[in-house]
Amino acid sequence: MQEPLLLPASCQCPENASCVNNTYCTCDSGYTSGSGQKLFTFPLEICKDINECQPPFSVYCGVNAACQNVEGSFYCHCVPGYKLHSGDAQFKSSSENTCQDDTSSETTQGGKELQKIVDNFQSLLTNQTLLRTGERQEISSRATSILQDVESSVLETALKTPEQKVQKIQNSTMAVETRVITDNCSEDRQTFSLNVQMNSMDIHCRDAIQGDTQGPSAVAFISYSSLGNIINATFFEEMDEKDRLYLNSQVVSAAIGPKRNVTLSTPVMLTFQHVKINPRSKKVFCVYWESTEQGGQWSKDGSFLISMNKSHTVCNSTHLSSFAVLMALTSQEEDPMLTVITYVGLSLSLLCLLLAALTFLLCKAIQNTSTSLHLQLSLCLFLAHLLFLVGIDQTEAKVLCAVIAGVLHYLYLAAFTWMLLESLHLFLTARNLTVANYSSINRLMKWVMFPVGYGVPAMIVAISAASRPHLYGTTDRCWLHLDKGFIWGFLGPVCAIFSVNLVFFLLVFWILKRKLSSLNSEVSTIQNTRMLTFKATAQLFILGCTWCLGFLQVGPAARVMAYLFTIINSLQGFFIFLVYCLLSQQVQKQYQKWFREMLKSKSESETYTLSSKVGPDSKPSEDK
């Protein structure tokens, strides 16, 4: 397991971005970075969709046409009452496509009725009240009813006007294409292809005519722009909780009539355009909407994945229904060596932090304000590392995982806050070399250190938990989500503390340099301050610089930085014990004293045991 801040050890760019020369990331076409930079290395950068239909882009689609933005792209479509001469529903170039008046002789009464059906169901699909307030079963039942009613109405309308072979109708929420077959299948027409909203269906002629040559048959292909927001991935019962599953296509329906056969002799071929272009490595599921007693759910029975590229997925199905494509962000594979290093390093750190805490408590020769700061820092790190080892993978229980993430958030923030207090104490100590007022420093630190050390992290965590409690705990580990910049509730304070500490240390070095150049006496005082500066600088390296290595895990050196980050950061406790205990002369003397007392006590115990065996009751044997 890596530390909570660990970033991917490769050129793995954020969603909707691609790697350039294995060094930089750039947002895909149709997206722009939040920072405005074309090339970036920051792993938490966000690529946002460009709305080409709004200023400053404002794509012009031509007269009687409108622009429709989609994730990563856009398309133009004719407004109601107008259509393209080609019959296509969507286009991008206004110079080659002109929307013409749809009141020509080609327009039949059936087309008008079909348009009316589409418009009527638009009000149902755009009703957000059910989505916000309805229960799961009610939502799925309503969606099932909408799908069935639309299919029946569209097929019935198409069969009323068999003279109009092909009809295409579209509005902002759905699009329909129907095809009526009035004759038998011929060799040059084995399959029918229907296209709506960049999705397509290929169905065999035999299945379309249903073996009935006595009357016309109809095929309907329907695409819903917004229905996927209602019957989303949460209605897929087979998802792995460790995968972030989402719908990456529009919901489409395929139906034939007048006989509503759903079982086919030849699988129907469905091609879906992705809602999110250029997805990262994912699990892909071709699913259909299954009507159940509880209303409905997504199921993959009888639906199979054929192929997939960056923009489209091809599926086939042995039956007709409503279909969609679900994708899951797969969990990133972890380096087993990093896991071993983390567990070994943190276990050693726990032992060292425990010994350091006991030393700070029991060694009276070093007990002062600085030691109190070391003690609180050691306790916070000990508890944080212990909870990390035993709780970071407890993702099965979501509530427990969220609690663990919140406590880890608090303990690590508290550790950094105590480091800030240590650097403040160091600065005040160095500043008062010229003003003999050391007692006032102790009084100030004793008054502020506990409210600041434990109160400020508590406020930050409380605000984070109150604003977005659902972002505590992920599917992979019990830590903070990267979504919506929530991780900055931790990274922000850490970066701020590190920056302030750098300022304090620079001021300390400047004060010491000026003091050394102006004083020849008080050498012992200067030497003590030098030692304190050395220890605090070492602690800044241990806690501050190692966490900064997490930001450098991009590009060719990412793997090296990942190992440096894990090794140094997992040994924080060992370094603290080394610097503040083993390298302290006072502590060394105390250890030697304790060691001599232990040997003396052991020797006295052995002497007492031996004397008890040859005590006054035992008499030497007499010669007879």
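Up top you'll find the structure we're talking about.
Residues numbered from 1 in each chain as written. Predicted model: local features only at pLDDT ≥ 70, side-chain atom pairs only at ≥ 80, totals over all residues. Heavy atoms only, no water.

### A word on the pattern of salt bridges
A complete count under the given rule lists 3 salt bridges for this structure. Where E156 meets K160, a salt bridge forms, and the shortest distance between an N and an O atom there is 4.0 Å. With a gap of 4 residues between them, E156 and K160 both fall in helix 3 (residues 136-160), about one helical turn apart. For E156, a relative accessible area of 48% translates into the label partly exposed. Here E177 makes a salt bridge to R179, at a shortest N to O gap of 3.8 Å. Taking relative accessible area as the criterion, R179 reaches 22% and is therefore assigned partly exposed. Connected through shared salt-bridge partners, K168, E177 and R179 make up one network. (Salt bridge = Lys/Arg side-chain N within 4 Å of Asp/Glu carboxyl O. Helix = DSSP H or I, 4+ residues; strand = E, 2+ residues; numbered from the N terminus. Buried < 20%, exposed > 50% of the residue type's maximum accessible area, 1.4 Å probe, protein only.)

### A closer look at the state of the cysteines
Within this structure, the stated rule accounts for 4 disulfides. Through a disulfide, C13 is tied to C25; the S-S separation comes to 2.0 Å. Measuring handedness by torsion sign, the sulfur bridge of C13 and C25 sits at about -90° and is left-handed. Note that C13 is positioned in the segment before strand 1 (17-20) and C25 in strand 2 (residues 24-27), a separation of 12 residues in sequence. Among the residues examined, C25 registers a relative accessible area of 8% and is labelled buried. Note on cysteine connectivity: C286 is disulfide-linked to C315, with sulfurs 1.9 Å apart. A torsion of -70° about the S-S bond marks the disulfide between C286 and C315 as left-handed. A residue pair is termed long-range when its members are at least 10 positions apart, and C286 in strand 17 (residues 282-290) and C315 in strand 20 (residues 312-319) qualify at 29 residues. Across the pair, C315 and C286 agree in class, each one buried. For the unlinked cysteine C363, the closest cysteine sulfur is that of C581, found at 8.4 Å. (Disulfide = S-S within 2.5 Å.)

### Details of helix 7 (residues 398-431)
Quick reminder: α-helices carry 3.6 residues per turn. Residues three or four places apart thus point the same way. Across its 34 residues, helix 7 extends 49 Å between first and last C-alpha, which sits within 8% of the 50 Å expected from 1.5 Å per residue. Within helix 7, 24 of the 34 residues are buried, leaving the element largely enclosed by the surrounding structure. (Expected span 1.5 Å × (residues − 1).)

### Let's talk about the nonpolar core
Judged by nonpolar contacts, the single largest core of 34 residues is most densely connected at Y224, I231, W298 and L326. Per element, the largest residue contribution to this core is 8 residues, and it comes from helix 3. Residues C352, L375, A414 and W418 belong to the second largest nonpolar core, which totals 33 residues. (Core = buried A, V, L, I, M, F, W, Y, C linked by side-chain atoms within 4.5 Å.)

### So, unusual backbone geometry
Put simply, G257 and P258 share a cis peptide bond, and its omega is 10°. For P258, the position within the fold is in the loop between strand 15 (251-257) and strand 16 (263-273). The phi dihedral of N16 falls on the positive side, at around 70°, and the residue is not glycine. Locating N16 in the fold gives a position in the segment before strand 1.

### Remarks on a nonpolar patch on the surface
On the surface, L348, L351, L354, L355, L358, L361 and L362 cluster together to form a nonpolar patch covering roughly 620 Å² of accessible area. Along the chain, L361 falls in helix 5 (residues 336-362). (Patch = residues over 30% accessible without salt bridge, like charges linked within 9 Å, V, L, I, M, F, W, Y side chains within 5 Å. Areas by Shrake-Rupley, 256 points an atom, 1.4 Å probe, with all protein chains shown as cover.)

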